[in-house]
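# Structure assessment
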Amino acid sequence: IDLAVELNVYGRVLSVPSTPYVSQLVGISDVILVTSSFEACSLVALEGMSGGAVVSASNVGGLPEIIED
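Residues numbered from 1 in each chain as written. Predicted model: local features only at pLDDT ≥ 70, side-chain atom pairs only at ≥ 80, totals over all residues. Heavy atoms only, no water.

### Structural notes on the overall build of the protein chain
Put simply, the rule reads: Secondary structure counts use DSSP, requiring at least four H or I residues in a row for a helix and at least two E residues in a row for a strand, with both numbered from the N terminus. Whether a residue is buried, partly exposed or exposed follows from its accessible area with a 1.4 Å probe, protein chains only, as a fraction of its type maximum: under 20%, in between, or over 50%, in that order.
Within the protein chain, the regular secondary structure consists of four helices and two strands. Expressed along its principal axes, the backbone C-alpha trace of the protein chain runs to roughly 35 × 25 × 25 Å. Per-residue burial over the protein chain gives 19% buried out of 69 residues.

### Topic: unusual backbone geometry
The residue Asn8 is not glycine, and still its phi comes out positive at about 60°. Tracing the backbone through its elements, the reader meets Asn8 in the loop between helix H1 (2-6) and helix H2 (22-27).

Laid out in structure tokens, this is it:
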């Protein structure tokens, strides 16, 4: 949140903890950041891609296998 304020984009950034409403949020998202320190296979990343969002993720676990540079 501090970085969003510093970059003057706070009103356009939504930081979401665990929620059962991922599909609704993905549908309105332009960019999804997956900042996991461990991830076997991220359903959020896959849902983001299927919804047309740009996905940026940590280089951990199975994420590099599903996300291209």
